[in-house]
Amino acid sequence: MTPPRGDHDARRSEVSEGVWRVLSTRGFEGLTLRAVAAELGASTGLLTHYFPNKRALLSHALEELDRRSAARPRRLAPVDGTPPPAGLARLRAALLDVLPLDEATEAGNRIWVSSWDVALADPELAAAHAGRYARSRVALTAHVADAQRLGELPAEADPAGLAAGAQAFVLGLVVQSLFAPAEFPAERQIALLDAYLAGLVA
């Protein structure tokens, strides 16, 4: 008998929490059906009702990570929850949101970076990752275009090119800070980003 939709969704949410806890402590290498089942105190048989194989589990884990990243509070938003002004300030805030500036964003970035190896080995997962980064570039391009319209960035520059460069810069900074956290604390990451943006303005 098929369980009611509400029960199914609730159980899938519980499984998502188990996936997240395994990812947080073991990374993608340790993400297996057996590990998630053990985390939930359930059987692997119950888990395969929701995820027939490890690949489905990995795909869901990436979707869950994406959802959690999108749902967390945005950086530098005023108390009333409104975003920074359109233009350079909003571009800066969007780029700061990517960086591992505290424990929560560091943990999320560790999981993202560990997922790259998994995704590169699977064309479908790789395409999903590429899609996520492409959507991020579209959003960054809109912020760049706003900054150009406001006279904050050179109007003659290609907005998509500036957005791609900014994304590449922060992703590179993510990797540096994860491997050398003492050398790249939050304050230095912010200073490096501000210097990068100042270079774009100049």
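Before any of the text, the structure's been laid out above.
All of these numbers come straight from a predicted model, not from anything done at the bench.

### Some points on the pattern of salt bridges
When their charged atoms lie close together, side chains carrying opposite charge are able to pair.
Part 1 of the reasoning: One pass over the structure, following the stated rule, counts eight salt bridges.
Part 2 of the reasoning: Note that Glu39 and Arg21 form a salt bridge whose closest N and O atoms lie 2.8 Å from each other. With Glu39 in helix α2 (residues 33-40) and Arg21 in helix α1 (residues 5-26), this residue pair connects regions lying 18 residues apart in the sequence.
Part 3 of the reasoning: What makes Glu39 partly exposed here is its relative accessible area of 33%.
Part 4 of the reasoning: Asp146 serves as the salt-bridge partner of Arg149, at 3.4 Å between the closest nitrogen and oxygen. With Arg149 and Asp146 both in helix α7 (residues 123-149) and three residues apart, this pair spans about one turn of that helix.
Part 5 of the reasoning: Among the charged side chains, a salt-bridge network with shared partners connects Arg55, Asp122 and Glu124.

### Quick word on the packing of helix α8 (residues 159-179) against helix α9 (residues 186-201)
Part 1 of the reasoning: Between α8 and α9, the shortest axis-to-axis distance is 11 Å and the interhelical angle comes to 160 degrees. By the angle class used here, α8 and α9 are roughly antiparallel. The element α8 and its partner α9 pack so that their crossing is right-handed. Listed contacts from α9 to Leu162, Gly165, Ala166, Phe169, Val170, Leu173 and Ser177 of α8 are Gln189, Leu192, Leu193, Tyr196 and Leu200.
Part 2 of the reasoning: Class assignment for the residues of the contact of α8 with α9 results in nine nonpolar, three polar and no charged.

Criteria and cut-off values
Residues numbered from 1 in each chain as written. Predicted model: local features only at pLDDT ≥ 70, side-chain atom pairs only at ≥ 80, totals over all residues. Heavy atoms only, no water. Salt bridge = Lys/Arg side-chain N within 4 Å of Asp/Glu carboxyl O. Helix = DSSP H or I, 4+ residues; strand = E, 2+ residues; numbered from the N terminus. Buried < 20%, exposed > 50% of the residue type's maximum accessible area, 1.4 Å probe, protein only. Axes fitted to C-alpha atoms, helices over the stretch in contact; angles between N-to-C directions. Parallel < 35°, antiparallel > 145°, perpendicular 65-115°, else oblique. Left-handed = near helix turned anticlockwise from the far one by under 90°. Contact = heavy atoms within 4.5 Å. Nonpolar A, V, L, I, M, F, W, Y, C, P; charged D, E, K, R; others polar.

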